[in-house]
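# Structural overview
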Amino acid sequence: MDRLRIGVVGIGVQGQLHARALRDVSQADLVAVADVSPQNRSWAENNLGVRAVPEIEALLDDVDAVSICTPDHLHEAAALTALAAGKRVLLEKPMALSTASCDRILAGRPDPDSLMIGHVLRFDPRVTRLREVVRSGELGDIWHVKVWRCTSQAVGAGIWDRTSVAWFLGIHDADLLRFVTGRDVEVTGAIGRKVLSPSHDVVHATVRFDDGAIGTMENNWTLPHSRPSRADAGLRIVGEHGILEMDLSHNDLMYARRDGAANYLDTYFWPSRNGGGAYNLRTELEAFVDAALVGGPTPVSGEDGRAAVAVVEGIEAALAGTPTSPPPGH
């Protein structure tokens, strides 16, 4: 193969981003999408010019791979269906909503490289550079870590009836901590508060790395609608030889209008309006397509996806007051 025929499963907000980004991947052909919503299928036909079907089974004969962007609780069924049909699968994070569900997905792989988990932060050049410094040993022994990811009430209001802030935002940071440090992470405690939704809207968790370093994770979707940037995110690592700090808030390009409104334009994660520019989602998709075409190793393994799920599962259990089992090897 010199081109990958790909379908997007779930064409809501995230699926639309994937579909738009795939049009900029030179070796990929977006040929079909699947979604249970007639409105979403109509959007895809009108805006993407591709065939739109209600169920994943109806597009599998026409594709070599799928990008699964359904709601999180539907990931397992869609992934197992595509894997059983012999397709390469890119599965959005979180991989699933429990480690037990992850294990069923892993068991359904014909081989480990058939599945990639969409942890987009791994494709951010700032994260890549920070990881290089940490992994080089230049920082020396890591003493403590702080990671935070917060967003506005407008973002949470559309999804907090079906997910929690730990799953929606914390899953990014759970993988980020492991990816940057190369160390396993164990949740030692968590507190949260419900102020806007049925689930915890602000969560502070404590973690311990397998080398003894400690850390904190903060996630919330309580920022006011009026905040110019909906994202407030970053990472701080303190070690024996110094400190590394990374701002992941996407505040590099501000647009202030004469009517008094101001906002920051995202130049890192998602496609620009005309599809141009460099953005991490396209880099992620290019890595998936390249690996699929050459039959190479998956860029983000299912085991990595499961490990991140285990961290968030531990946070949710701590919030509920339920003891968790230690990670393998502990």
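Residues numbered from 1 in each chain as written. Predicted model: local features only at pLDDT ≥ 70, side-chain atom pairs only at ≥ 80, totals over all residues. Heavy atoms only, no water.

### Overview of the UniProt feature "domain: GFO/IDH/MocA-like oxidoreductase" (unreviewed entry) in the chain
The positions UniProt marks with the feature "domain: GFO/IDH/MocA-like oxidoreductase" (unreviewed entry) are residues 128-245. Helix makes up 26% of residues 128-245 and strand 42%, and the two end C-alpha atoms of the span are 13 Å apart. (UniProt positions renumbered as here; feature names shortened; annotations may be inferred. Helix = DSSP H or I, 4+ residues; strand = E, 2+ residues; numbered from the N terminus.)

### Description of the sheet that holds strand β8 (residues 185-193)
By way of backbone hydrogen bonds, the strands of a sheet pair with one another, either parallel or antiparallel. On the basis of which strands lie adjacent, the open sheet formed by six strands has the order β8-β9-β10-β7-β11-β12 and mixed pairing. The sheet is open, and its two edges are formed by β8 and β12 (242-247), each paired on a single side. Adjacent strand axes in the sheet meet at a mean angle of 10°, parallel and antiparallel pairs treated alike. The sheet contacts of helix α7 (residues 165-181) involve β7 (142-152), β8, β9 (202-209), β10 (214-223) and β11 (232-239), and relative to β10 the element is tilted by about 150°. The strands touched by helix α9 (residues 302-320) are β8, β9 and β10; relative to β8, the strand with the most contacts, the crossing angle is about 45°. (Pairing = 2+ DSSP bridges. Axes fitted to C-alpha atoms, helices over the stretch in contact; angles between N-to-C directions. Contact = heavy atoms within 4.5 Å.)

### A short note on the environment of H75
Within the secondary structure layout, H75 lies in helix α3 (residues 75-84). Through-space distance from the C-alpha of H75 to that of C102 is 9.5 Å; in sequence the pair is 27 residues apart. Residues within four places of H75 in sequence aside, it is in contact with I68, T70, L91, E92, K93, P94 and M95. Here the side chain of H75 touches T70 through a polar contact of 3.0 Å, landing on its backbone oxygen. In this structure the side chain of H75 is engaged in a polar contact, spanning 2.8 Å, whose partner is the backbone oxygen of P94. (Polar contact = N/O pair within 3.5 Å; in protein donor to acceptor, adjacent residues only side chain to side chain.)

### Observations regarding unusual backbone geometry
Here the amide bond leading from K93 into P94 is cis, since omega sits at -5°, within 30 degrees of zero. Within the fold, P94 resides in the loop between β5 (88-92) and α4 (99-107).

### Concerning the packing of aromatic side chains
Taken as a whole and judged by the stated rule, the model has two aromatic pairs. For the ring pair F168 and W221, a centre distance of 6.2 Å and an interplane angle of 40° mean the geometry is tilted. You can see F168 sitting in helix α7 and its partner W221 sitting in strand β10, a full 53 residues away along the chain. Among the residues examined, W221 registers a relative accessible area of 0% and is labelled buried. The rings of W160, F168 and W221 are connected pair by pair, giving a single aromatic cluster. The residue whose ring lies beneath R131 is F179, and the NZ or CZ to ring-centre distance is 4.3 Å. Its guanidinium or amino end placed over the ring of Y279, R282 lies 4.9 Å from that ring's centre, counting from NZ or CZ. (Phe/Tyr/Trp six-rings, centres within 6.5 Å; stacked < 30°, edge-to-face > 60°. Buried < 20%, exposed > 50% of the residue type's maximum accessible area, 1.4 Å probe, protein only. Lys NZ or Arg CZ within 6 Å of the ring centre and 35° of its normal.)

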